[in-house]
Amino acid sequence: MSAKTNTSQRKRPVQKGRRSSKTKTRKKNSGRWSNFSKFIVAAIILVLLSPFYYGYVLKTFTSTWQWIKDIGENPHYRSYSEFGIKIPKSYAIHGIDVSYAQGQIDWHKVREMKDEDVSISFAFIKATEGVLTIDPYFKRNWREAAKTGLVCGAYHYFRPKKSGKQQARFFLQTATVEQGDLPLIVDVETLDGKTPEVMRKELSAFVDHIEAKTKTKPIIYSGLSFYHDYLQGYFDDHLLWIAHYHQEKLKIRTAGSWHFWQHSDRGRVNGINHAVDFNVFNGDSSSFRKLLIKAN
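In every chain, residue numbers begin from 1 and rise along the written sequence. In view of the model being predicted, local features appear only for residues whose pLDDT reaches at least 70, and side-chain atom pairs are presented and counted only at 80 or more, with totals across whole chains, interfaces and linings using the full set of residues. Side-chain measures here rest on the full set of heavy atoms in the structure, leaving out hydrogens and waters.

Looking now at the overall build of the protein chain. Helix and strand definitions here come from DSSP, where helices need a minimum of 4 consecutive H or I residues and strands a minimum of 2 consecutive E residues; each element is numbered from the N-terminal end. Across its full length, the protein chain carries 9 helices and 12 strands. Looking at the 296 residues of the protein chain, the share that counts as buried comes to 41%. The criterion used for residue contact is that any of the two residues' heavy atoms lie within 4.5 Å. For the protein chain, the share of sequence-separated contacts (at least 6 apart) that also reach a separation of at least 24 residues comes to 65%. Computed with a 1.4 Å probe, the accessible areas rest on the Shrake-Rupley method; for each residue, only the protein chains presented here act as cover. Entry remark: accessible area of the protein chain is about 17800 Å², with carbon and sulfur atoms responsible for 53%. A simple rule labels every residue: compare its accessible area, found with a 1.4 Å probe on the protein chains alone, to the largest value its type can have, and call it buried under 20%, exposed over 50%, or partly exposed in between.

This part is about the packing of helix α6 (residues 164–174) against helix α7 (residues 196–214). Across the interface, α6 lies against α7 with an axial gap of 7 Å and an inter-helix angle of 40°. By the angle between their directions, the pair α6 and α7 is classed as oblique. Seen from above, α6 lies across α7 with right-handed handedness. In contact with Gly164, Lys165, Gln167, Ala168, Arg169, Phe171 and Leu172 of α6, α7 contributes Glu202, Ala205, Phe206, His209, Ile210, Lys213 and Thr214. Here the axes come from fitting lines to C-alpha atoms, over the contacting stretch only for helices, and the angles between their N-to-C directions go from 0 to 180 degrees. Under this scheme an angle from 65 to 115 degrees is roughly perpendicular, one under 35 degrees roughly parallel, and one over 145 degrees roughly antiparallel; angles in between are oblique. Should the near helix be turned anticlockwise from the far one by less than a right angle, the crossing is left-handed, and should it be turned clockwise, the crossing is right-handed.

To continue, consider the confidence of the model for the protein chain. Confidence along the protein chain averages 85 in pLDDT terms, with 78% of residues attaining 70 or more. Below pLDDT 50 for its whole length, residues 1–14 participates in 1 contact with residues either more than four positions away or in separate chains. Each residue gets a pLDDT score, which is the predictor's confidence in that residue and runs from 0 to 100.

What follows deals with the environment of alanine 145. Relative to the helices and strands, alanine 145 resides in helix α5 (residues 138–147). According to the relative accessible area criterion, alanine 145 is buried, its value standing at 0%. Setting aside residues no more than four positions away along its own chain, alanine 145 makes contact with Trp107, Ile125, Leu150 and Cys152.

What follows deals with the packing of aromatic side chains. Classification of ring pairs rests on two measures: the distance between centres of Phe, Tyr or Trp rings, Trp counted by its six-membered ring, which must be within 6.5 Å, and the angle between planes, read as stacked under 30 degrees, edge-to-face over 60 and tilted in between. The full count for this structure, using the stated rule, is 17 aromatic pairs. Ring centres 5.7 Å apart and planes at 75° place the aromatic pair phenylalanine 158 and phenylalanine 206 in the edge-to-face group. Linking phenylalanine 158 in the loop between β7 (151–157) and α6 with phenylalanine 206 in helix α7, this pair joins segments that are 48 residues apart in sequence. By relative accessible area, which is 0% here, phenylalanine 158 ends up buried. Its relative accessible area of 0% is what places phenylalanine 206 among the buried residues. Aromatic side chains phenylalanine 171 and phenylalanine 206 sit 6.2 Å apart centroid to centroid with 20° between the ring planes, which places their arrangement in the stacked category. With a gap of 35 residues between them, phenylalanine 171 in helix α6 and phenylalanine 206 in helix α7 connect regions that are remote in the sequence. The pair formed by phenylalanine 171 and phenylalanine 206 is uniform in burial state, with each residue classed as buried. Here a set of aromatic residues connected by ring pairs shows up, and it is made of Phe122, Phe124, Tyr155, Tyr221, Trp241, Phe260, Phe281 and Phe288. Definition used: whenever NZ (Lys) or CZ (Arg) falls within 6 Å of the ring centre and also within 35 degrees of the ring normal, the charge is taken to sit over that ring. Stacked on the ring of tyrosine 80, the Lys or Arg arginine 78 has its end atom at 4.9 Å from the ring centre.

What follows concerns the pattern of salt bridges. By salt bridge we mean one thing: a side-chain nitrogen of Lys or Arg within 4 Å of a carboxyl oxygen of Asp or Glu. Tallied over the full model, the rule gives 11 salt bridges. The partner of glutamate 129 in a salt bridge is arginine 159, with the nearest N and O atoms 2.9 Å apart. Residue glutamate 129 is located in strand β5 (residues 118–129), and its partner arginine 159 is located in the loop between β7 and α6; the two are separated by 30 residues in the primary sequence. For glutamate 129, a relative accessible area of 18% translates into the label buried. You can call arginine 159 partly exposed: its relative accessible area is 23%. Several salt bridges converge on common partners, so that one network encompasses Lys126, Glu129, Arg159 and Asp192.

Together, Phe36, Phe39, Ile40 and Ile44 line one region of the surface with nonpolar side chains, adding up to about 400 Å² of accessible area. Mapped onto the fold, phenylalanine 39 is located in helix α2 (residues 16–49). Like charges within 9 Å and nonpolar side chains (Val, Leu, Ile, Met, Phe, Trp, Tyr) within 5 Å are joined into patches, using only residues over 30% in relative accessible area that form no salt bridge.

Working note: non-glycine residues mostly have negative phi, and peptide bonds are mostly trans. With a phi angle near 65°, lysine 215 is a residue other than glycine that sits in the positive phi range. Relative to the elements of secondary structure, lysine 215 occurs in the loop between α7 and β9 (219–223).

Counting buried residues in β9 gives 5 out of 5 residues, a clear majority hidden from the surface. Here β9 shows two buried faces, one formed by Ile219, Tyr221 and Gly223 and the other by Ile220 and Ser222. Call a crossover right-handed when, viewed with both strands pointing away from you, the route from the first strand across the helix to the second goes clockwise. This β-α-β element, strand β8 (residues 185–187) to α7 to β9, shows right-handed connectivity. For β9 and strand β10 (residues 240–243), the ladder comprises 4 bridges, and the chain directions are parallel. Paired with glycine 223 across the bridge in β10 is alanine 243. Crossover handedness for the path β9 to helix α8 (residues 224–231) to β10: right-handed. Strands are treated as partners if at least two bridges between them are detected by DSSP.

Here it is as structure tokens:
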């Protein structure tokens, strides 16, 4: 009994070498984790300070917010709060048309305005009416809009009770086109007490004279109903600009026949103190450039 007791009470020698090795391993692993943690912290700081990070966050937030706003809306006819109207979504080139009714315009503000993917690229500007009336703001609008880089087109309000050729001459005395402008436009939306036949006769005289002098067919503008009732089938070789408001689609009988669509008369634009008409172009940027007046 005593021998076993003595043996059991013996103290085992401390193995210093093994314990020391474990301690070194722990310290080494601890050092590795410490360096790795520092690397992670440094990487996070670099990401947080990076402008790309904030751009990504901002983009994600904007996209999420837009998705929330669009819940329940038609994705092809969405509201644009800055412009105050719904805009057909499937068109890339947007423009406005103006006259004296919009007053004095700050065209730089017009050009700079943007709401998401929509900005103003072109402007139709009223020049004349009948054989005597010149829009009082035409010269200023024509000069100042072009300075901002907007593509411009001048239009004439047609009066069927007046000579079409005389109206064309009067229009050309006031509005001259240059390289890079849109073709001249004739706005026809009333019979003026005349028969459809008389209206078409005078309109033909107008467009023939414009084409002879500018070497380019003028664009014809009209409301959808007026076009269907009096113009369809008579001027199909001309570019067509149709007014049809507050609709998701332009409900024209020949869908591929139009080039511009005036889809709203209630738009808000920076630099303009009154409601303004909004338009889209039926095509891409390449098709749009092909319409512009070429150098002689």
